[in-house]
Every structure is written in C-alpha cells, then in structure tokens.
Amino acid sequence: MSNIPHENQPGHVVIIMDGNGRWAKRRGLPRIAGHKAGIDSLRKIVQQCVRREIPALTVYAFSSENWKRPENEVNLLLKLFISSLEREIRNLHDNNVRLGFIGDCTAFPELLQNSISSAHELTRNNTGLMFNVAINYGGRWDITEAVRKIVIDIYTGKISIDDISEETLGSRICLSELPSPDLFIRTGGEMRVSNFLLWQIAYTELYFCDSLWPDFDETEFEKALRWYAGRERRFGSISEQVNHAGRN
Ligand code: IPE
Ligand code: IPE
Ligand code: MG
C-alpha cells in the first residue's frame, strides 16, 4: 500500500465495474464467468477501501438498462447476486462494513429482496466503510423519484413551491446522506457515465481506465487513488484561491 496522505484520499469513491463480458470472451469463457471473476475483484477493492479507511464506496452492479440483456444472462446475474451476498455478508460484517443498496429493488425476485433487506439489517449499526451497491439503478430514475417525492410533499402541504431549491432535490435523491462522490472510476475503456449517479457526480473527478473489471486489482486502484491525489479541485474558483496545503 503506497503512502498517499490520508487527507488526499477520496471520501467517497464510485465505480462503474465494466468489462466482465469481454474479459470472459477473451478467455473463450461464457460471460457469466466474467461476472464471477468480477466479484473477486470487488472483494479486493472493498478490502482495500477498508484498509485505507476510505469512508464510502458505491458500485454499479446492474443498471436499469441491463434488463435489455439476454434473459439467460440477466437470470444468471440475479442468481450470482444472491449467492455472492450470502457468501460475502459475514466477512463484510466482520470488517465493520455497512451495506446499502440503491435502485428499484421491487423489480427483483423475492429471494433477492429478502437477502438485500437482511444484509442491510445485519450491518446497519456498523461504523466502518459505507458500501453501496447500485442494482436496477438509473440516474434518471433517481432524479425522477426525487421529483415525485417533492410533488408528494407539496400536495401534502409539507413544503411549498417557493421552498424548492437544489437542496430540496438533493436531500431526496439516493446517497443524500453521504458526501458527494469525490472519485468516479470506470473500467473497461468506455468513456461514458451510462446513467450512473447523474445528479451526484456534478463535481466528481472522472477517471477512466482500459483494464477490464476482473483485471482491476489493488495496483490499479492505487493508480487511480494517486491520480486523484494529484487533482486540484477548484469547484468553480481559481487556482490561487484553492488551499494547496497538503496537496501533492
Ligand atoms: C459489467 O460488465 C457488468 C454488468 C453490466 C453487469 P459487462 O457485462 O458490461 O462487460 P462488457 O462491457 O460486455 O465487457
Ligand atoms: C454499465 O455497464 C452498468 C454496469 C456496470 C452495471 P454497461 O456495460 O451496461 O454500459 P453500456 O451499456 O455499455 O454503456
Ligand atoms: Mg459493459
């Protein structure tokens, strides 16, 4: 583990774990073998976040658009989510990890919904890494849901139209209880955000790499963290206004 000063680490990392299918195809394996290998990568990255005391990690596991995939792949993915959750939950709990889920889980089979609620319940009082998994998640869905909640609150008299501000929406969107993502990583070579956390990444540093997700290991993650540590985050101000203390 390289010595990136703690204050230069991101507080919240979000990852689009892309490239499982291509990883499998290159080995002449079925796509699901790539998804299985992707779970091994994820386990290592979660461990590294725990060791580095990164407060929050959010990963994209299944997008609202991924239902378009062949039925067989979708079914195998759902089975993999259930078996992985069952296998990993003890270890996550022992590592003081708090597990959260974002996305419309109502679309999933009851068995998966039950595993999700019990994993959430079991780990809710943990105080270590906040680890969120986005399943059946879409950034547009997230914004639409927040708007729906605002409309309900207006109809029921909780707020008035004049109260609407960025904060009104920001507090009703997924992950509102966490600081905004600092570092966004997408593996697999594509330079797009694929409907992930559209509202939340307004000022996030974007890191794209060619490694396919099953090949994304501790060294690759360190590379991304070092890249992030070298960023100057200006949030609209100019370089001279930014406090450089402790950077680089
Ligand atoms: C990401 O890998 C995992 C999911 C979307 C579930 P892909 O399955 O998209 O892998 P590629 O992009 O086809 O290689
Ligand atoms: C994004 O990957 C979704 C996840 C990693 C879960 P995709 O492979 O589905 O993205 P697109 O469709 O190629 O943009
Ligand atoms: Mg893909």
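Structure report, in brief.

Calculation rules
- Residues numbered from 1 in each chain as written.
- Chains lettered and ligands numbered in written order.
- Predicted model: local features only at pLDDT ≥ 70, side-chain atom pairs only at ≥ 80, totals over all residues.
- Heavy atoms only, no water.
- Helix = DSSP H or I, 4+ residues; strand = E, 2+ residues; numbered from the N terminus.
- Buried < 20%, exposed > 50% of the residue type's maximum accessible area, 1.4 Å probe, protein only.
- Lys, Arg positive; Asp, Glu negative; His and termini not counted.
- Salt bridge = Lys/Arg side-chain N within 4 Å of Asp/Glu carboxyl O.
- Contact = heavy atoms within 4.5 Å.
- 1 Å grid on protein atoms, 1.4 Å probe; cavity = no way out; pocket = protein on both sides within 12 Å on 5 of 7 lines; lining within 4 Å.
- Points joined across faces, edges and corners; volume = space filled by probe spheres on them.
- Nonpolar A, V, L, I, M, F, W, Y, C, P; charged D, E, K, R; others polar.
- Near = heavy atom within 4 Å.
- Polar contact = N/O pair within 3.5 Å; in protein donor to acceptor, adjacent residues only side chain to side chain.
- Areas by Shrake-Rupley, 256 points an atom, 1.4 Å probe, with all protein chains shown as cover.
- Sits in = over half its atoms within 2 Å of the grid points.

### A few points about the side chain of D142
Stage number 1. On the secondary structure map, D142 appears in helix 5 (residues 139-155).
Stage number 2. It is K149 that comes nearest to the buried, bridge-free D142 among opposite-charge side chains, at 6.4 Å.
Stage number 3. Ignoring any residue separated from it by four or fewer positions in sequence, one finds D142 in contact with Y137, I173, C174 and Q200.

### Here's the deal with the layout of surface pockets
Stage number 1. Taken as a whole, the largest pocket holds about 910 Å³ of empty space.
Stage number 2. Class assignment of the residues belonging to the lining of the largest pocket gives a composition of 21 nonpolar, 12 polar and 10 charged.
Stage number 3. The computed volume of the second largest pocket comes to approximately 270 Å³.
Stage number 4. Lining the second largest pocket are 15 residues, with G170, I173, S180, W199 and Q200 positioned closest to its centre.
Stage number 5. Partitioning the lining of the second largest pocket into residue classes produces 8 nonpolar, 5 polar and 2 charged.

### Things to note about the site of ligand 1
Stage number 1. Within the structure, ligand 1 sits among M17, D18, G19, N20, G21, R22, R31, H35, A61, N66, R69 and L77.
Stage number 2. Between an oxygen atom of ligand 1 and a main-chain N or O atom of N20, the distance comes to 3.1 Å.
Stage number 3. R31 is positioned such that a nitrogen or oxygen atom in its side chain is 2.8 Å from an oxygen atom of ligand 1.
Stage number 4. Notes on ligand 1: free accessible area 380 Å², of which the protein chains cover 86%.
Stage number 5. The pocket occupied by ligand 1, as judged from atoms lying within 2 Å of grid points, is the largest pocket.
Stage number 6. For the shell around ligand 1, the elements supplying multiple residues, two or more each, are helix 1 (20-26) and helix 2 (31-52).
Stage number 7. With 3 residues, the top contributor of residues to the shell around ligand 1 is helix 1.
Stage number 8. Grouping the constituent residues of the shell around ligand 1 by class yields 3 nonpolar, 5 polar and 4 charged.

Structural measurements only, silent on function.
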